[in-house]
Amino acid sequence: MPLAALLLASFALAAGAPKPPPFLPKTAKPVVVSVESGGRKLAATWRAPRRGMPVLVLAHGVGAGRSEWEKFASRLSARGFGSLAVDLRGHGGSSAHEGEWKEFDAKGEWPRLVDDLLAAASWVEAKGVEPERVAFAGASIGANLAAAADARRPGRFLVLLSPGIDYRGVRLTMRRVSKTLAVAARADAYAFDAVSELGKHGVTTLEAPGGHGAGALDDEKTLGRVLDWLAKPR
């Protein structure tokens, strides 16, 4: 092929090729940290926010751990949000022994886990984050715990994934005035009923196609809608 024709063909291929985006959003490096709560050392994963952005304290469900937030925390970070995902006492790296959380029902321990979230919020503030930039989010019983923490220490906003009226003695307690998003799947009847009731009282609600707790965010569309809600000025 003559040189001129070869150059012309190369130019045509280059012109028709899709252009890369001008930049790819960078995510903060996850760092494993320790949070003290009532004499306990709680394992947590910290992702620093971009300057001036909110930070979400993330509470997992029964028998789960901070790893269930990995996808959500990464996507939050891509939008500039910070997060602190905590292994609540008795779970994951915050347990005295394997399966410690299974003893909590008999001991009435579950409501005390709210203190872990308040300690996590204090840890975030100690990193130089203004109190008004800290918010709570939770999944399943973690949603109830997040709401209880928000009632005691008002946060920037509140995200509830599959809350229930009462999970293991942790009743759903809401502040009279809070910017809240509640998410549940219709097939998850107990959580869906709770979310529907919240909707009657001015809470923004979102129906997921399936999943419970953090699992509701496995659906990409639902995840996107939650992230878009968070991005609205508030």
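Quick caveat: nothing in here was measured; it's all calculated off a predicted structure.

A.B. asks: Looking at this model, I keep getting lost on helix 4 (residues 114–126). Mind explaining?
C.D. replies: Every α-helix winds through 3.6 residues per turn, so residues three or four apart in the chain are directed the same way. Here helix 4 is 13 residues long and its end C-alpha atoms lie 19 Å apart, about the 18 Å a rise of 1.5 Å per residue gives. Inspection of helix 4 places Val114, Asp116, Leu117, Leu118, Ala119, Ala120, Ala121, Trp123 and Val124 among the buried residues, and these make up the whole buried set. Here the buried face of helix 4 lies against strand 1 (31–37), strand 2 (40–47), strand 3 (55–59), strand 4 (82–86), strand 5 (134–139) and helix 5 (141–152). Downstream of helix 4 by a residue or two, glycine 128 has a phi angle that is positive, lying close to 95°.

A.B. asks: Mind showing me how you'd approach the packing of aromatic side chains here?
C.D. replies: Two measures describe an aromatic ring pair: the distance that separates the ring centres and the angle between the ring planes. One pass over the full model with this rule turns up five aromatic pairs. With a centroid separation of 5.3 Å and 70° between ring planes, the pair formed by tryptophan 46 and tryptophan 123 is classed as edge-to-face. Of this pair, tryptophan 46 sits in strand 2 while tryptophan 123 is found in helix 4, placing the two residues 77 residues apart along the sequence. Using a relative accessible area of 8% as the deciding quantity, one classes tryptophan 46 as buried. Residue classification places tryptophan 123 among the buried positions, given a relative accessible area of 18%.

A.B. asks: How do you make sense of the side chain of serine 37 when you look at a structure like this?
C.D. replies: In this fold, serine 37 is placed in strand 1. There is a polar contact of 2.7 Å between the side chain of serine 37 and the side chain of aspartate 116. Discounting chain neighbours no more than four positions away, the residues touching serine 37 are Leu42, Arg89, Asp115, Asp116 and Ala119.

A.B. asks: Quick question: what am I supposed to make of the packing of helix 4 against helix 5 here?
C.D. replies: Two quantities define a packed helix pair, namely the angle between the helix axes and the distance between the axes. Contact geometry of helix 4 with helix 5 gives a least axis separation of 9 Å together with a crossing angle of 60°. Regarding the angle of helix 4 to helix 5, the classification is oblique. Between helix 4 and helix 5 lies a crossing whose hand is right-handed. Contact residues: helix 4 offers Val114, Asp115, Leu117 and Leu118, while helix 5 offers Leu145, Ala146, Ala148, Ala149 and Arg152. Looking at the contact of helix 4 with helix 5, its residues break down into seven nonpolar, no polar and two charged.

A.B. asks: For this particular structure, what's the right way to read the pairing of strand 2?
C.D. replies: Put simply, side chains in a regular strand alternate between the two faces of the sheet. Among the eight residues of strand 2, six are classified as buried, and the element is accordingly described as predominantly covered. Counting the residues between successive antiparallel strands, the hairpin from strand 1 to strand 2 contains two residues, one of them, glycine 38, with a positive phi of roughly 60°. Here four bridges tie strand 2 to strand 4, and the two strands are oriented antiparallel to one another. The residue of strand 4 that forms the bridge with arginine 47 is serine 83.

A.B. asks: Looking at this structure, how should I read the sheet that holds strand 1?
C.D. replies: By way of backbone hydrogen bonds, the strands of a sheet pair with one another, either parallel or antiparallel. Strand order in the open sheet formed by eight strands is 1-2-4-3-5-6-9-10, and the pairing between neighbours is mixed. Strands with a single pairing partner mark the edges of an open sheet, and in this sheet they are strand 1 and strand 10 (204–208). Averaged over all adjacent pairs, the angle separating strand axes in this sheet is 20°, with direction ignored. Contacts from helix 4 reach strand 1, strand 2, strand 3, strand 4 and strand 5, with the element oriented near 120° to strand 1.

Criteria and cut-off values
Residues numbered from 1 in each chain as written. Predicted model: local features only at pLDDT ≥ 70, side-chain atom pairs only at ≥ 80, totals over all residues. Heavy atoms only, no water. Helix = DSSP H or I, 4+ residues; strand = E, 2+ residues; numbered from the N terminus. Expected span 1.5 Å × (residues − 1). Buried < 20%, exposed > 50% of the residue type's maximum accessible area, 1.4 Å probe, protein only. Contact = heavy atoms within 4.5 Å. Phe/Tyr/Trp six-rings, centres within 6.5 Å; stacked < 30°, edge-to-face > 60°. Polar contact = N/O pair within 3.5 Å; in protein donor to acceptor, adjacent residues only side chain to side chain. Axes fitted to C-alpha atoms, helices over the stretch in contact; angles between N-to-C directions. Parallel < 35°, antiparallel > 145°, perpendicular 65-115°, else oblique. Left-handed = near helix turned anticlockwise from the far one by under 90°. Nonpolar A, V, L, I, M, F, W, Y, C, P; charged D, E, K, R; others polar. Pairing = 2+ DSSP bridges.

Honestly, that's just the spatial picture; any functional story needs more than this.
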